Amino acid sequence: MTVTAPDRPTGAAVARDPLLDNAKFLAMVLVVSGHLVEDLRDVPAAHALYFFVYLFHMPLFIVVSGYLSRNFTFSPGKARKLISGLAVPYVIFEVAYSLPRLFLYGKLEISLLDPYYLTWFLMSLFLWRLSTPVWQQLRHPLVVAVGLSLLSGTSALPDELSMNRTFGLLPFYVLGLMLTPEHLDLLRGRRARIAGAAVLATALAGAFAVHRLVPTEWIRWRHANHQIGVDDLTGTLIRLAMLAAGALLVAAFLAVTPRRRTWFTGLGAATMYAYLLHGFVVKVAERFHDALVNPLGVAAMAASGAVLAALLCTSPVRRAFRWAVEPDVSWAFTRLRRPVKTKVRHDMTELLPRAHRSVR
């Protein structure tokens, strides 16, 4: 969620693209509202909206994360950011989300290899980032990524390392790696905005029409085809359709997203805080399920999600929880070792055959 700004030099500085920060914040509103509404899907409208949002909200974050990871390398500085920005917060929140189960049920279950609840995204993003140099060497990386995604649906992959989601959603990360600023510029025109709005409206109407017919697991990317109840051929076709729909809706969402700085642009730079912290509020809200399973309760939770997403991205919250979301672990690292530059003295006599060198 909170990722490095795209490398667009403006003089000596690097400017953030407001389009991406705006898109991340608006998508985070959908994430938080979607999780608050998730437990209320007995209300038909809530189920339809949930289905619509889940078609593209995480693909959007993954595409943006891939786009902003284009310059990732295995350099010491990048590796340290990967550890402090993803690995350490993953461990912190994996433990933190396990504590309520200890207090409520007397059980403490922690498995660092099997992500719990929201932490799957950190695990998957960590693995995707590590694989970045590989994708940049392939001639057709997106084709390979789609192939791996489709094949993952034919296998009963273990839950460790969030493998189903890591492989299933991989094409969106690779798509982001392939994008350039010029590609994003194509989405900034008036025609693109009109087309994007039409696509989103059509998808919303379609979600209301089919949400009861399509198993919810298809939009969660957690299980293999046979676990959802279809054969591999049918499952592969459905997965391919889900990938295409997700990519189209991501493009449509970016097209209608404001391109200039807005009141929430700055909040879009801190969406990781909202992502990792809102789950605790969701767990509390689940205790009031019976009172909220009605249209008014759904509307209240959706609106509360927008307010909560904005609140959790504000400066006071960031200062209070920086130790967990953006921990300073510089103390754990050695000093950066720079390559030692050595001068190589070329002795021309060493280039001559031994016999010639003996003749002076």
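The structure we're discussing is the one just above.
The model shown is predicted, which means the values in this text are computed figures rather than measured ones.

The rules we used
- Residues numbered from 1 in each chain as written.
- Predicted model: local features only at pLDDT ≥ 70, side-chain atom pairs only at ≥ 80, totals over all residues.
- Heavy atoms only, no water.
- Helix = DSSP H or I, 4+ residues; strand = E, 2+ residues; numbered from the N terminus.
- Buried < 20%, exposed > 50% of the residue type's maximum accessible area, 1.4 Å probe, protein only.
- Contact = heavy atoms within 4.5 Å.
- Polar contact = N/O pair within 3.5 Å; in protein donor to acceptor, adjacent residues only side chain to side chain.
- Core = buried A, V, L, I, M, F, W, Y, C linked by side-chain atoms within 4.5 Å.
- Salt bridge = Lys/Arg side-chain N within 4 Å of Asp/Glu carboxyl O.
- Phe/Tyr/Trp six-rings, centres within 6.5 Å; stacked < 30°, edge-to-face > 60°.
- Lys NZ or Arg CZ within 6 Å of the ring centre and 35° of its normal.

A. Quick peek at the environment of W135. Turning to its location among the elements, W135 is positioned in helix α6 (residues 120-135). Overall, W135 belongs to the buried group, its relative accessible area being 9%. Separated by 39 residues in the primary sequence, W135 and V174 have C-alpha atoms spaced 7.2 Å apart. In this structure, W135 is in contact with P141, V144, A145, L148, L170, V174 and L177, ignoring residues within four places of it in sequence. Here the side chain of W135 touches S131 through a polar contact of 2.9 Å, side chain to side chain.

B. Quick look at the nonpolar core. Membership of the largest hydrophobic core comes to 91 residues, with the highest contact counts inside it found for M28, F121, W128 and Y275. A per-element tally of this core places helix α1 (residues 18-38) first, with 10 residues.

C. Layout of the side chain of S65. Along the chain, S65 falls in helix α3 (residues 57-67). Classification of S65 as buried rests on a relative accessible area of 2%. Within the local environment of S65, its side chain forms a polar contact with the backbone oxygen of F61, the two atoms lying 2.8 Å apart.

D. Looking closely at the environment of L148. Mapping L148 onto the fold places it in helix α7 (residues 141-152). Given the relative accessible area of 31%, L148 is considered partly exposed. Put simply, L148 and G168 are 20 residues apart on the chain and 7.6 Å apart in space, counted from C-alpha to C-alpha. Ignoring sequence-local partners within four residues, the contact set of L148 consists of W135, F167 and L170.

E. Fine view of the pattern of salt bridges. Overall, the coordinates contain 8 salt bridges when judged by the stated rule. Put simply, E38 and R220 hold a salt bridge, and the shortest N to O gap is 2.9 Å. With E38 in helix α1 and R220 in the loop between α11 (190-210) and α12 (225-228), this pair connects stretches of sequence that are 182 residues apart. For E38, a relative accessible area of 22% puts it in the partly exposed group. For R220, a relative accessible area of 13% puts it in the buried group. Residue E217 pairs with R220 through a salt bridge whose shortest N-O separation is 3.3 Å. Here the two residues E217 and R220 agree in accessibility, since each one is buried.

F. Representation of the packing of aromatic side chains. Per the stated rule, a full pass over the model turns up 13 aromatic pairs. Ring geometry for F93 and Y97: centres 6.4 Å apart, planes at 40°, overall tilted. In this pair, the class of F93 matches that of Y97, namely buried. With a centroid separation of 5.9 Å and an interplanar angle of 90°, the aromatic rings of W120 and F121 are classed as edge-to-face. The ring of Y67 carries the charged tip of R70 above its face, separated from the ring centre by 4.0 Å. Sitting over the face of the ring of W120, R165 holds its NZ or CZ atom 4.6 Å from the ring centroid.

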